[in-house]
Amino acid sequence: QVQLVESGGGLVQAGGSLRLSCAASGRTFSPYTIGWFRQAPGKEREFVAAISRSGASTLYADSVKGRFTISRDNAKNTVYLQMNSLKPEDTAVYYCAASDFTVIFTTTSPYNYWGQGTQVTVSS
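Let us look at the overall build of the protein. Secondary structure assignment for the protein yields zero helices and eleven strands. Counted from the first residue to the last, the protein has its helices and strands arranged as β-β-β-β-β-β-β-β-β-β-β. Taken over C-alpha atoms, the radius of gyration comes to 13 Å for the protein, in line with the 14 Å a tight globule of 124 residues would show. Expressed as a percentage of the 124 residues in the protein, the buried residues total 45%. When contacts within the protein are restricted to residue pairs at least 6 apart in sequence, those whose partners lie at least 24 apart make up 58%. Only carbon and sulfur atoms are counted for the fraction: they give 48% of the accessible area of the protein, which is about 6000 Å².

Listed below in structure tokens is the structure:
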């Protein structure tokens, strides 16, 4: 299996940007599809973005499309989520997750490995 650790969260003003990182250990990133999910207080965990094994394919939730960019560097065992034009509704704990499947899923169950989460707070 693979262990995941998120970092890069913090407090930012609306309109600002943050770059989240997901670092892997235990196994290289290359066999895994990587997804980012977020969960706000009292809300269900929701899909944000995902990237295929090769990095050639990406998928975004409609709510973040055009503002967020997911990328990966398999040589560094790291996946990134660049978040621009942040809005208060982006406030949540952001989780990195890995899936053994080659196809990108937007649900949580296909992702077997999860990080501890990193808090993102966007002030208005």
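Next comes the rest of the write-up.
The tally for this structure, following the rule as stated, stands at four salt bridges. Within the structure, one salt-bridge network assembled from shared partners comprises Arg38, Glu46, Arg67 and Asp90.

With that settled, consider the pairing of strand β8 (residues 78–83). Burial runs high along β8: five of the six residues are buried. Bridging between strand β3 (residues 18–25) and β8 involves six bridges; their strand directions are antiparallel. Across the sheet, residue Leu18 finds its bridge partner in β8, namely Met83. In the sheet, strand β7 (residues 68–73) pairs with β8 via six bridges, with the strands oriented antiparallel. Looking at the pairing, Ile70 lines up with Leu81 of β8. Hairpin remark: β7 followed by β8, antiparallel, with four residues in the connecting loop; positive phi at Asn77, about 55°.

The next thing to look at is the sheet that holds β7. Spatially, the four strands line up as an open sheet ordered β1-β3-β8-β7, and their pairing is antiparallel. Since the sheet does not close on itself, it has two edges, and those belong to β1 (3–7) and β7, each with one partner. On average, adjacent strands in this sheet sit at an angle of 15° to one another, irrespective of strand direction. With five bridges joining them, β1 and β3 adopt antiparallel strand pairing. Bridge assignment links Gln3 to a residue of β3, and that residue is Ser25.

Bringing the state of the cysteines into the picture now. Applying the stated rule across the entire model yields one disulfide. Between the sulfur of Cys22 and that of Cys96 lies a disulfide, 2.0 Å long from S to S. In this structure the cystine formed by Cys22 and Cys96 twists about its S-S bond by roughly -75°; its chirality is therefore left-handed. Taken together, the residues Cys22 in strand β3 and Cys96 in strand β9 (residues 92–99) connect sequence positions 74 residues apart. Here the two residues Cys22 and Cys96 agree in accessibility, since each one is buried.

This part takes up the packing of aromatic side chains. Following the criterion strictly, the structure yields seven aromatic pairs and no others. When the ring of Tyr32 is compared with that of Tyr113, the centres are 5.6 Å apart and the planes differ by 85°; the resulting orientation is edge-to-face. Placement of Tyr32 in the loop between β3 and β4 (33–39) and of Tyr113 in strand β10 (residues 111–114) is noted, with a sequence separation of 81 residues between them. Of the two residues, Tyr32 and Tyr113, both sit in the buried class. With centroids separated by 5.1 Å and ring planes inclined at 75°, the aromatic side chains of Phe37 and Tyr111 adopt a geometry described as edge-to-face. Taken together, the positions of Phe37 in strand β4 and Tyr111 in strand β10 put the pair 74 residues apart, joining distant regions of the chain.

What counts and what doesn't
Residues numbered from 1 in each chain as written. Predicted model: local features only at pLDDT ≥ 70, side-chain atom pairs only at ≥ 80, totals over all residues. Heavy atoms only, no water. Helix = DSSP H or I, 4+ residues; strand = E, 2+ residues; numbered from the N terminus. Rg over C-alpha atoms; globule rule 2.2 N^0.38 Å. Buried < 20%, exposed > 50% of the residue type's maximum accessible area, 1.4 Å probe, protein only. Contact = heavy atoms within 4.5 Å. Areas by Shrake-Rupley, 256 points an atom, 1.4 Å probe, with all protein chains shown as cover. Salt bridge = Lys/Arg side-chain N within 4 Å of Asp/Glu carboxyl O. Pairing = 2+ DSSP bridges. Axes fitted to C-alpha atoms, helices over the stretch in contact; angles between N-to-C directions. Disulfide = S-S within 2.5 Å. Phe/Tyr/Trp six-rings, centres within 6.5 Å; stacked < 30°, edge-to-face > 60°.

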